[in-house]
Amino acid sequence: MTDIFDWPTFLREFSHAAAGQGFLPEILLETEVGPLIVWERKGEEPPIYISAGIHGDEPAGPLAALKLMEDGVFPVGRHCMICPALNPSGLVLKTRENRQGADLNRDYVHQLSPETVAHTRWLASRPVPALFVSLHEDWETNGFYFYEINLGEDDPQRASDLLEAVSAHFPAEPGLEIDGHAVRSLGWIYHRAEADLPDFWPEAIWLAKRGCPLSFTFETPSKAALTARVEAHCAGVRTLLMNWR
Ligand SMILES: [Zn+2]
């Protein structure tokens, strides 16, 4: 893997890997740079749902989704939904926002962007996921951290297993406050199911409001090598899926 994210190559490789794993594509939207595609393999519900590439300057998420797909980690027999590249124009331009300047991951309450409209319409047509994992990066940090939104049973062991798995690549981000949030323990933000800014919901809040009981948002440090960021995301997702029951 190089430190370059190439959109046409990504689309081709993801399609190849996902088709090989029996996933079916659905084009949610045609953008100026190509299709916004989601992938699905039917099975027992409720689904497991992985989201990546909503911020175009965070290529580790899409590349991790690709690697997880190539490695065949998604549980066979369970309904799995994968959105590997939610912001096609941003991924081409390598900008956080889409081409029109919208931060899609703040647009899930008002839904002013065509990407968000198409995505929420699709999500609403599917069963509410039992587990949601969203793959992000942070330009200001050096370690790994994650947000958890949990409407069910508390499970601190799961959080520590997750940090342990990722520690092969990154330590937990130091500091008792990250991105304006007090941590529950190092690297772990236990977030309520409410948006920090009421008019600017991220995807995770929209899903929580819909009843998704368990949501994780991973944040790897953009300053580090891309390979390590991708591996860290993969290790985290693998750990959650391994312990899934
Ligand atoms: Zn992000």
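Residues numbered from 1 in each chain as written. Predicted model: local features only at pLDDT ≥ 70, side-chain atom pairs only at ≥ 80, totals over all residues. Heavy atoms only, no water.

A. The environment of Thr116, seen in detail. With respect to the element layout, Thr116 can be found in helix α4 (residues 114-124). For Thr116, a relative accessible area of 0% puts it in the buried group. For the pair Thr116 and Leu151, spaced 35 residues apart in the sequence, the C-alpha separation amounts to 24 Å. Setting aside residues up to four positions removed in sequence, Thr116 forms contacts with Leu104, Asp107, Tyr108 and Gln111. Engagement of the side chain of Thr116 in a polar contact is seen with the side chain of Asp107, the distance being 2.9 Å. (Helix = DSSP H or I, 4+ residues; strand = E, 2+ residues; numbered from the N terminus. Buried < 20%, exposed > 50% of the residue type's maximum accessible area, 1.4 Å probe, protein only. Contact = heavy atoms within 4.5 Å. Polar contact = N/O pair within 3.5 Å; in protein donor to acceptor, adjacent residues only side chain to side chain.)

B. How the structure looks around the packing of aromatic side chains. Across all of its chains, the model carries 12 aromatic pairs by this definition. Between the aromatic rings of Phe146 and Trp188, the centroid separation amounts to 6.3 Å while the plane-to-plane angle is 20°, which identifies the pairing as stacked. Placement of the pair is Phe146 in strand β6 (residues 145-150) and Trp188 in strand β9 (residues 188-190), with a sequence separation of 42 residues. Overall, Phe146 belongs to the buried group, its relative accessible area being 0%. Note on Phe146 and Phe216: the rings are 5.9 Å apart at their centroids and 45° apart in plane angle, and the pair reads as tilted. (Phe/Tyr/Trp six-rings, centres within 6.5 Å; stacked < 30°, edge-to-face > 60°.)

C. Representation of helix α1 (residues 7-20) within the structure. The first and last C-alpha atoms of α1 sit 20 Å apart over 14 residues, in line with the 20 Å expected at 1.5 Å per residue. Where α1 is concerned, the buried positions are Trp7, Phe10, Phe14, Ala17 and Ala18. Looking straight down α1, one finds that the buried residues subtend no more than 100° of arc, so they occupy a single side. Exposed positions of α1 whose direction lies more than 90 degrees from the buried face are Arg12, His16 and Gly20. Looking at the packing, one finds that the buried side of α1 touches β2 (34-41), α2 (60-70), β4 (78-83) and α3 (88-93). (Expected span 1.5 Å × (residues − 1). Arc of directions from axis to C-beta.)

D. How the structure looks around the nonpolar core. Ranked by internal contacts, the top residues of the largest apolar core, which has 45 residues, are Phe14, Phe74, Val133, Phe146, Phe216 and Phe218. With 25 residues, the next largest nonpolar core counts Tyr49, Leu104, Trp201 and Leu207 among its residues. (Core = buried A, V, L, I, M, F, W, Y, C linked by side-chain atoms within 4.5 Å.)

E. Expanded view of the coordination of the zinc ion. Protein coordination of the zinc ion is provided by His55 (ND1), Glu58 (OE), Glu58 (OE) and His136 (ND1), with donor distances spanning 2.1 to 2.4 Å. Taken together, the four donor atoms surrounding the zinc ion define angles of 57 to 152° at the centre, an arrangement classified as irregular. Sequence positions of the residues that donate to the zinc ion give the spacing H-x2-E-x77-H. Taken together, the residues Glu58 in the loop between β3 (44-52) and α2 and His136 in strand β5 (residues 131-138) connect sequence positions 78 residues apart. As far as the burial class goes, Glu58 and His136 line up, both buried. (Donors = N, O, S within 2.8 Å, 3.2 Å for Na, K, Ca; no water. Tetrahedral: all angles 85-135°; square planar, octahedral: opposite > 155°, others 65-115°.)

F. Molecular detail of the state of the cysteines. Counted according to the given criterion, the structure contains zero disulfides. With no disulfide of its own, Cys80 lies 12 Å from the sulfur of Cys83, the closest cysteine sulfur. With no disulfide of its own, Cys212 has Cys83 as its nearest cysteine by sulfur position, at a separation of 13 Å. (Disulfide = S-S within 2.5 Å.)

G. View of the pairing of β2. Counting buried positions over the eight residues of β2 gives eight, a clear majority of the element. Across seven bridges, the pairing between strand β1 (residues 24-31) and β2 is antiparallel. Paired with Ile27 across the two strands is Ile37, which belongs to β2. Linking β1 back to β2 in an antiparallel pair, the connection comprises two residues. (Pairing = 2+ DSSP bridges.)

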